[in-house]
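Okay, here's what each chain looks like letter by letter:
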Amino acid sequence: MMTPSNDTIKQPKSIAIVTGASSGLGQEYVKYLCEKFPLDEIWLAARRKDRLYALADTLSVPSKVFPLDLADEKAIEVLSLALEKEQPFIQFLINAAGFGKMGSYKDIPLKELDHMVLVNCKAMMDITQICIPYTKKGSRILEISSVASFQPLPGFNVYAASKAFVTSYSRALHWELFLKGIKVTGVCPYWIRDTEFIETTKSGTARPDAIRHFMLGTTAKKVVRNSMFQNKIGLGIATPGIISTLYRLGAKFVPHEIAIAAWEGLRRL
Ligand SMILES: NC(=O)c1ccc[n+]([C@@H]2O[C@H](COP(=O)([O-])OP(=O)(O)OC[C@H]3O[C@@H](n4cnc5c(N)ncnc54)[C@H](OP(=O)(O)O)[C@@H]3O)[C@@H](O)[C@H]2O)c1
């Protein structure tokens, strides 16, 4: 019987998939991965096609661009079909696509609230689920959550609740995939001042001043470096920076009602 030689056995491409790659954290993860790891290809997903192609042009690694609205069910089908066709080895999956809107229950249209849950929760979970079959020992998954996931936040209610889903899902998935040697981390940053997130929270709401201060914000570069390290050492939850770590500790030990009262005061100052 003939056995195929090493030349004829096609090795799967080693790829990274990054959602939310058109700006902010996602874009920063793309640059970091391309600089630090010998990838065969990187897949970039977000809605703004021009931004994705502009980023792809600057990269040293070949890329595939997926201009998709991840709130749309068809986007998951497109990614799923691409995975089926390419049969890659997913070395990195980074789910950075996400957004928030500030204001209380009466300030944000239902459509925006639904959209937030679809992108932050459903798309993140769907993409992770369709990618897991293409991961193996050594693969790394980072789900971008937030410190907002550690306590309920009036005036940022649905966003905080959507991120609680991301943190909880990531923490459990970390354990489910741990023995397979796949590292999963829910990344929980505090405010990041150099992305489009804060501007986005103020649009499409009747209360763009529901949160007035974004003090002690960090930068996307620091969050990326720090979270990649915390994922590498196998942490299920990463708080990339001193403020996010203190926030996490505070939320653990201070009763929720006291923490919420403090937040209600601080956000109005
Ligand atoms: N910045 C902060 O203060 C902060 C703090 C904690 C956690 N986070 C989390 O960090 C992640 C990245 O946010 P960022 O700070 O980098 O903000 P950003 O600059 O606004 O980036 C958000 C990304 O999500 C993509 N996105 C939004 N809706 C989408 C949709 N329907 N379909 C596909 N892509 C979509 C955007 O691309 P398109 O608009 O091109 O679609 C963009 O690339 C988010 O999950 C956010 O919740 C941010």
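As a reminder, the structure under discussion sits directly above these lines.
First, a word on what this report is: a plain description of the structure on this page. (Residues numbered from 1 in each chain as written. Predicted model: local features only at pLDDT ≥ 70, side-chain atom pairs only at ≥ 80, totals over all residues. Heavy atoms only, no water.)

**A look at the packing of helix 4 (residues 110-131) against helix 5 (residues 157-178)**
Geometrically, a packed helix pair is captured by the angle between its two axes and the distance between the axes.
Moving on, step 1. In contact at an axis separation of 9 Å, helix 4 and helix 5 are set at 10° when each is read in the N-to-C sense. In this view, helix 4 runs roughly parallel relative to helix 5, as classed from their interaxial angle. Contact residues: helix 4 offers Leu113, Met116, Val117, Asn120, Cys121, Met124, Met125, Thr128 and Gln129, while helix 5 offers Val158, Tyr159, Ser162, Lys163, Phe165, Val166, Tyr169 and Leu173.
Moving on, step 2. Each residue belonging to the contact of helix 4 with helix 5 can be placed in one class, and the counts come to twelve nonpolar, four polar and one charged. (Axes fitted to C-alpha atoms, helices over the stretch in contact; angles between N-to-C directions. Helix = DSSP H or I, 4+ residues; strand = E, 2+ residues; numbered from the N terminus. Parallel < 35°, antiparallel > 145°, perpendicular 65-115°, else oblique. Contact = heavy atoms within 4.5 Å. Nonpolar A, V, L, I, M, F, W, Y, C, P; charged D, E, K, R; others polar.)

**Comments concerning the site of the ligand**
Moving on, step 1. In the region of the ligand, 29 residues are neighbours, and Ser22, Arg47, Tyr159, Ile192 and Thr195 sit closest.
Moving on, step 2. Within the side chain of Asp69, one N or O atom sits 2.8 Å away from a nitrogen atom of the ligand.
Moving on, step 3. Separating an oxygen atom of the ligand from a backbone N or O atom of Gly98 is a distance of 3.3 Å.
Moving on, step 4. Coverage of the ligand by the protein amounts to 97% of the 880 Å² it exposes when considered alone.
Moving on, step 5. Looking at the shell around the ligand, the elements that each hand over two or more residues are helix 1 (24-36), helix 4 and helix 5.
Moving on, step 6. For the shell around the ligand, a count of residues per class yields 15 nonpolar, nine polar and five charged. (Near = heavy atom within 4 Å. Polar contact = N/O pair within 3.5 Å; in protein donor to acceptor, adjacent residues only side chain to side chain. Areas by Shrake-Rupley, 256 points an atom, 1.4 Å probe, with all protein chains shown as cover.)

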